[in-house]
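Summary of the model geometry
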Amino acid sequence: MTTETEWIQQARGGDQAAFGRLVMAYQTPVYNLTYRMLGNAGEAEDAAQEAFLRAYTRLHSYDPDRPFRSWMLSIASHYCIDQLRKRRFTWLSFEDEIAAPNGSTSNAATIAEAHLTSGNPNPEAVVAEKEKQGHVQEMLGSLSPTDRAAITLRYWYDYSYEEVADSLGLTVSAVKSRLHRARRGLATMVEQDGDYGLQTC
Amino acid sequence: METMDCKRASRMMSLRLDGNLDGAEMTRLDEHLGECSACLVEWHRMQAIDSLLRATPMVHPPLRLRVQVMARLSRRDQARRAIIGGTALTLGTVTLALLTLAPALIGLLNGLGIAPALISGGPETLSQLLLFGSTMGRAVLVLIEALALPLAALIMCSLLMALAVNSLWIRMVRRMRVRS
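Residues numbered from 1 in each chain as written. Chains lettered and ligands numbered in written order. Predicted model: local features only at pLDDT ≥ 70, side-chain atom pairs only at ≥ 80, totals over all residues. Heavy atoms only, no water.

**Points about the overall build of chain A**
- Within chain A, the regular secondary structure consists of 10 helices and 1 strand.
- Ordered by position in the sequence, the α and β elements of chain A form the string α-α-α-α-α-α-β-α-α-α-α.
- The burial tally for chain A puts 48% of its 201 residues in the buried class.
- For chain A, the proportion of contacts with a sequence separation of at least 24, taken over those separated by at least 6, is 62%.
- A total accessible area of about 9500 Å² is found for chain A, and carbon and sulfur atoms account for 50% of it. (Helix = DSSP H or I, 4+ residues; strand = E, 2+ residues; numbered from the N terminus. Buried < 20%, exposed > 50% of the residue type's maximum accessible area, 1.4 Å probe, protein only. Contact = heavy atoms within 4.5 Å. Areas by Shrake-Rupley, 256 points an atom, 1.4 Å probe, with all protein chains shown as cover.)

**What about the packing of aromatic side chains?**
All names here are of chain A.
- Counted according to the given criterion, the structure contains 7 aromatic pairs over all chains.
- A centroid spacing of 4.9 Å and a plane angle of 65° characterise the contact between Phe19 and Tyr56, whose relative ring orientation is edge-to-face. Placement of the pair is Phe19 in helix α2 (residues 16-38) and Tyr56 in helix α3 (residues 41-57), with a sequence separation of 37 residues.
- Note on Phe68 and Trp71: the rings are 5.6 Å apart at their centroids and 45° apart in plane angle, and the pair reads as tilted. (Phe/Tyr/Trp six-rings, centres within 6.5 Å; stacked < 30°, edge-to-face > 60°.)

**Here we look at the nonpolar core**
- By size, the foremost hydrophobic cluster in this structure holds 79 residues, and its most contacted members are Phe19, Val30, Phe52 and Phe68 of chain A.
- Of all the elements, α2 of chain A adds the most residues to this core, at 11 residues. (Core = buried A, V, L, I, M, F, W, Y, C linked by side-chain atoms within 4.5 Å.)

**Examining helix α1 (residues 6-17) of chain B**
Residue and element names in this part refer to chain B.
- In this model, α1 (12 residues) spans 17 Å end to end at C-alpha, consistent with the 16 Å of a helix rising 1.5 Å per residue.
- Within the sequence span of α1, burial applies to Ala9, Ser10, Met12, Met13, Ser14, Leu15 and Leu17.
- The backbone nitrogen of Lys7 has a side-chain oxygen 3.2 Å away, supplied by the residue at the start of α1, namely Asp5.
- Backbone geometry just downstream of α1 places Gly19 in the positive-phi region, at approximately 70°. (Expected span 1.5 Å × (residues − 1). Polar contact = N/O pair within 3.5 Å; in protein donor to acceptor, adjacent residues only side chain to side chain.)

**What about the interface of chain B and chain A?**
- Tallying the contact residues gives 37 residues for chain B and 48 residues for chain A.
- Buried surface at the junction of chain B and chain A, both sides included, amounts to about 4300 Å², of which 64% is carbon and sulfur.
- On the chain B side of the contact with chain A, Leu53, Met58 and Val59 of chain B bury the most area, a combined 17% of that side's loss.
- Seen at the junction of chain B and chain A, the total is 5 salt bridges.
- On inspection of chain B and its partner chain A, the count reaches 19 residue pairs in polar contact (both at pLDDT 80 or more).
- Per element, the largest residue contribution to the side of chain B that touches chain A is 12 residues, and it comes from helix α3 (residues 37-55) of chain B. (Buried area = accessible area lost by both parts, 1.4 Å probe. Salt bridge = Lys/Arg side-chain N within 4 Å of Asp/Glu carboxyl O.)

**Description of the packing of α3 of chain A against helix α4 (residues 68-87) of chain A**
Residues and elements named next belong to chain A.
- Contact geometry of α3 with α4 gives a least axis separation of 9 Å together with a crossing angle of 130°. Of the possible angle classes, the one that applies to α3 and α4 is oblique. Of the two possible hands of crossing, α3 and α4 adopt the one that is right-handed. In this structure, α3 contributes Glu43, Ala47, Glu50, Ala51, Phe52, Arg54 and Ala55 to the contact, and α4 contributes Trp71, Met72, Ile75, Ala76, Tyr79, Cys80 and Arg87. (Axes fitted to C-alpha atoms, helices over the stretch in contact; angles between N-to-C directions. Parallel < 35°, antiparallel > 145°, perpendicular 65-115°, else oblique. Left-handed = near helix turned anticlockwise from the far one by under 90°.)

**Re the packing of α1 of chain B against α3 of chain B**
All names here are of chain B.
- The interhelical angle for the contact between α1 and α3, taken along N-to-C directions, is 25°, at an axis separation of 10 Å. When the axes of α1 and α3 are compared, the pair comes out roughly parallel. In this structure, the crossing between α1 and α3 has a hand that is right-handed. Contacts from Cys6, Ala9, Ser10, Met13, Ser14, Arg16 and Leu17 in α1 reach Cys39, Glu42, Trp43, Met46, Gln47, Asp50 and Arg54 in α3.
- When grouped by side-chain class, the residues that make up the contact of α1 with α3 number 7 nonpolar, 3 polar and 4 charged. (Nonpolar A, V, L, I, M, F, W, Y, C, P; charged D, E, K, R; others polar.)

**Considerations on unusual backbone geometry**
All names here are of chain A.
- Positive phi, close to 55°, is recorded for Asp158, a residue that is not glycine.
- Note on placement: Asp158 falls in the loop between α8 (145-156) and α9 (161-168).
- With a relative accessible area of 56%, Asp158 lands in the exposed category.

Structure below.
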């Protein structure tokens, strides 16, 4: 029995310390997903917490034959998709923030909040990296919640079509269509805005 | 060879970026890209997007995330335990009060002769049932009249006891939360 399986079994029995070890192991992938989906460090943190709490409550329904990471990310994805759909009915949607004149400033602040993997001691390179992250988030923000989740799972988690389909409750064919549509949308943004720090061929 | 339309070419570009095109399909796509400048531009842009996303690293959570999750989990469990404990205490107190009241009720029914009448006669006919009902109704009225004051006092005592026990319980849970 692997250590992870033991932690899951102990957590199922109500052992919170064992669940804490699972949180430790999966906090980066879960947080990265919520951040890519919501585009805001504060909301991403809340969403990651909520995803872990939901996972703890639903541990009894976890199928041990399925990778825990995949199950965990599926919970986080669905939670973020729900949050993004709720945002449509509020005045301050992510899209509005981007469209606002000070959008880039607020986005830069948001990015500064995020704990980015940089490891680069050069301040200019760090700033450039943060700007790039900001551009990526702006582009992701233009996609529909499910397309955004599909792109995130595909690029940051190297998920296959089948894994993306399984996580988001879609068919493989729908995943292909969504990835295609998302890429076309992102390509159009490059066309419209020209410079996104991209080096076109 | 069948010529490829731009719509299909676009779909194939996406599949190609995922490494899901076989050699023959790739050749057909390349042939199309050689002939269609609009698709070639789209392909270059898609490649650029692909490179950017692949080169963007994961963001790391703040160090406090795990601690916050565990704190929320602990608070939620305490709240759940407090609700279950409070409900159990209230039910227990009410049951205790009813058990205290039960002998008095039975004694009164016996004293009024209702219980023996119920056992010997029984609700055999509708008239008997009606008679039984009216007798019971009268008994309740007499009971309320006779026990109005002591009953009210007993209920008040039970409620006060339940409130006191619950407030003690809530204080204890709060103290536990502060300590944790």
